[in-house]
Each structure stands twice: as C-alpha cells, then as structure tokens.
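Tertiary structure, described
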Amino acid sequence: MTRRKKTRSLADKVTIRTGRRKDYKQWRHENPDEVISSRRFSAKKRQQRKAQAARRLERMRAAPSIEIHPEGKGPDSSNSDSNKGEQ
C-alpha cells in the first residue's frame, strides 16, 4: 500500500463528487461556513498584523510633527484671498 503525500492543501481534504479544482471552488463558494482557515495560518496572520502595527507605531513616533493649522491663520484673518484682488 502506498502512502499519501502530506499536504497542507485544503482542497485534498474535501471530498466532493469529483476531484476537480473547479468543482472545489464552486463548493467552497456555496459553503462558506464549512471552510475555515487553519490554526497555523490564523496564527501566522495574527503575528504579521501585530508586527505591522508595531512597525507603523514606530514610524509614527519617529516622524516629525507637522502643524497643519498653525495659530493665527484661520479663515477670518486679514490676509484672505478676497483682499488680494482689491488695490
């Protein structure tokens, strides 16, 4: 008796009428509640998201602060666009 090759593919674990990839894709689309990511994949993605968030936070801390709305330059200041055309 020959041994089956180990695989991480979910397609091989699902038994449907035919073994064709197209049929598996259709089955997966029709039964979303039966298709669950493996614990290994979920843990990997969780770890990647944590690392990404940490890198993003570090970039935000290292970035210089920019004053988008400096004090005294509001819409009611004397240097508005409407005064530039009058001379």
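Residues numbered from 1 in each chain as written. Predicted model: local features only at pLDDT ≥ 70, side-chain atom pairs only at ≥ 80, totals over all residues. Heavy atoms only, no water.

A few words on the overall build of the protein. Secondary structure assignment for the protein yields three helices and zero strands. Listed N to C, the secondary structure of the protein is α-α-α in terms of helices and strands. The buried share of the protein, taken over its 87 residues, is 6%. Accessible surface, the protein: about 9500 Å² in total, of which carbon and sulfur atoms supply 49%. (Helix = DSSP H or I, 4+ residues; strand = E, 2+ residues; numbered from the N terminus. Buried < 20%, exposed > 50% of the residue type's maximum accessible area, 1.4 Å probe, protein only. Areas by Shrake-Rupley, 256 points an atom, 1.4 Å probe, with all protein chains shown as cover.)

Among the residues of helix H1 (residues 21-30), Asp23, Tyr24 and Trp27 are the ones counted as buried. Angular distribution of buried residues about the axis of H1 spans 100°; they occupy a single face of the element. Of the exposed residues in H1, those oriented more than 90 degrees away from the buried face are Arg21, Lys22 and His29. (Arc of directions from axis to C-beta.)

Before going further, it helps to spend a moment on the confidence of the model for the protein. Taken as a whole, the protein shows an average pLDDT of 77; of its residues, 62% reach a score of 70 or greater. Highest mean pLDDT in the protein belongs to helix H2 (residues 39-62) (95); lowest belongs to helix H3 (residues 81-84) (54). (pLDDT = per-residue confidence, 0-100.)

Mapping serine 38 onto the fold places it in the loop between H1 and H2. Reaching out from serine 38, the side chain makes a polar contact with the backbone nitrogen of phenylalanine 41 at a distance of 3.2 Å. (Polar contact = N/O pair within 3.5 Å; in protein donor to acceptor, adjacent residues only side chain to side chain.)

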